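Residue strings, one per chain:
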Amino acid sequence: MYDLIVLLVLLLIGYFFGRMAEKKHYKSIIEREKKYAKIILIATKYAPAEVLNQQSSLVSGSVVISVDYFKRFLAALRNFFGGRVTSYESLLDRARREAILRLKEEAHKKGSNMLVNLKLETSSISKGRKNAIGSVEILAYATAFYPDTKALAQPNAV
Amino acid sequence: MLISNLEIIPGKRIVKHLGLVQGSTVRAKHVGRDIMAGLKNIFGGELKGYTELLQESRTEAVERMQEQASAIGANAVLNIRFSTSSVAQGAAEIFAYGTAVILE
């Protein structure tokens with residue numbers, strides 16, 4: 001009986017706080033995506049001709065993000081029945097967009113508006129534990145080109 | 001030293017290939033961060049402690065790779081890739097590798 005109450009409280013906390021956090025996060029993501037829309041980000045490995053002879057450096061953005069208790073519970077149920085695990089889909093979507101935004105933020109700070117050869121990497125650092133998945137790490141990295149070379153103070157900061 | 005994940009830098013010619021260079025580091029999280037992460041697992045949201053930890057270790061892996069590259073006389077590392085894996089419970093390995101070259 002006592003266990004059940006604890007579970008219900010955790011689920012409620014997870015539901016309300018998780019929903020709030022997700023809404024807030026999506027709002028800020030959409031806002032910042034508009035702000036940095038001017039920075040060109042491409043995934044091809046050959047740089048376009050217009051950046052010829054410009055200086056370049058590696059830039060990266062990463063985020064570790066966790067799912068709330070309620071969604072984890074839903075995912076566990078989903079594991080039983082099979083099908084789309086929507087609660088993890090939104091987690092990964094948020095994390096990936098956030099990582100790309102941080103990448104763009106760093107590039108913007110250094111004065112770049114062209115990013116080439118985007119690579120995304122996903123890993124779960126809490127693997128091997130009892131309550132697996134839960135949190136994911138997304139790393140986004142790309143090569144930034146600088147039209148104005150004097151802005152490049154720390155070329156190797158990752 | 002130029003570090004890039006491109007294979008070819010536009011406008012620059014590769015004079016000599018010096019082979020693979022790599023750098024890696026294994027980091028564990030400390031207990032305080034673990035407790036915070038446990039709480040975040042209920043509420044959901046970003047685990048800032050982990051983000052920082054991974055960023056620090058990534059910087060270190062790249063630095064080690066750079067040391068290796070400058071030791072063999074390279075002035076650039078191209079086609080860099082990162083990889084993360086969890087070797088043991090609560091410890092993560094960050095690995096960076098690339099091709100050391102001499103650019104003109």
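This section reports on the structure supplied with the text. (Residues numbered from 1 in each chain as written. Chains lettered and ligands numbered in written order. Predicted model: local features only at pLDDT ≥ 70, side-chain atom pairs only at ≥ 80, totals over all residues. Heavy atoms only, no water.)

With respect to the overall build of chain B
Logical step 1: Looking only at helices and strands, chain B has two helices and five strands in total.
Logical step 2: For chain B, the α and β elements follow one another from N to C terminus as β-β-α-β-α-β-β.
Logical step 3: By principal-axis analysis of the C-alpha atoms, chain B measures approximately 55 × 25 × 15 Å.
Logical step 4: Across the 104 residues in chain B, those meeting the buried criterion constitute 45%.
Logical step 5: Sequence separation of 24 or more characterises 75% of the internal contacts of chain B that already satisfy a separation of 6 or more.
Logical step 6: Looking at chain B as shown, the accessible area adds up to about 4,900 Å², and 54% of this sits on carbon and sulfur atoms. (Helix = DSSP H or I, 4+ residues; strand = E, 2+ residues; numbered from the N terminus. Buried < 20%, exposed > 50% of the residue type's maximum accessible area, 1.4 Å probe, protein only. Contact = heavy atoms within 4.5 Å. Areas by Shrake-Rupley, 256 points an atom, 1.4 Å probe, with all protein chains shown as cover.)

What to know about the sheet that holds strand E2 (residues 55–66) of chain A
Logical step 1: Across the sheet, five strands lie side by side as E1(A)-E3(A)-E4(A)-E2(A)-E3(B); this open sheet has mixed pairing. Where the open sheet ends on each side, the last strands, each with one partner, are strand E1 (40–41) of chain A together with strand E3 (45–46) of chain B.
Logical step 2: Strands E1, E2, strand E3 (114–123) and strand E4 (135–146) of chain A together with E3 of chain B of the sheet are contacted by helix H3 (residues 86–110) of chain A, whose axis makes an angle of about 145 degrees with E2(A).
Logical step 3: Packing of helix H2 (residues 48–71) of chain B onto the sheet brings it into contact with E2 and E4 of chain A together with E3 of chain B, and relative to E2(A) it is tilted by some 150 degrees. (Pairing = 2+ DSSP bridges. Axes fitted to C-alpha atoms, helices over the stretch in contact; angles between N-to-C directions.)

Considering the packing of aromatic side chains
Logical step 1: This model, assessed by the stated rule, comprises six aromatic pairs over all chains.
Logical step 2: On the numbers, 5.2 Å between centres and 85 degrees between planes, the contact of Phe80(A) with Phe81(A) is edge-to-face. As far as the burial class goes, Phe80(A) and Phe81(A) line up, both exposed.
Logical step 3: With centroids separated by 4.8 Å and ring planes inclined at 85 degrees, the aromatic side chains of Tyr141(A) and Phe82(B) adopt a geometry described as edge-to-face. With Tyr141(A) in strand E4 and Phe82(B) in strand E4 (residues 76–88), the pair connects residues from two separate chains. (Phe/Tyr/Trp six-rings, centres within 6.5 Å; stacked < 30°, edge-to-face > 60°.)

Quick notes on the pattern of salt bridges
Residue and element names in this part refer to chain A.
Logical step 1: Considering all chains together, one arrives at 16 salt bridges over all chains under this definition.
Logical step 2: Salt-bridge contacts for Arg-102 lead to Glu-98; the nearest nitrogen and oxygen are separated by 2.9 Å. Within this pair, Arg-102 and its partner Glu-98 are both found in helix H3, separated by four residues, close to a single helical turn.
Logical step 3: We classify Arg-102 as partly exposed; its relative accessible area is 22%. (Salt bridge = Lys/Arg side-chain N within 4 Å of Asp/Glu carboxyl O.)

Quick notes on the sheet that holds strand E2 (residues 14–28) of chain B
Residues and elements named next belong to chain B.
Logical step 1: A sheet is described by the order of its strands in space; here four strands give the open sequence E1-E4-E5-E2, paired in mixed fashion. Only two strands of the sheet have a single partner each, and these edge strands are strand E1 (2–3) and E2.
Logical step 2: For E2 and strand E5 (residues 91–103), the ladder comprises 13 bridges, and the chain directions are antiparallel. Within the sheet, the bridge partner assigned to Gln-22 lies in E5 and is Tyr-97.
Logical step 3: Here H2 sits on the sheet in contact with E1, E2, E4 and E5, set at roughly 145 degrees to E2.

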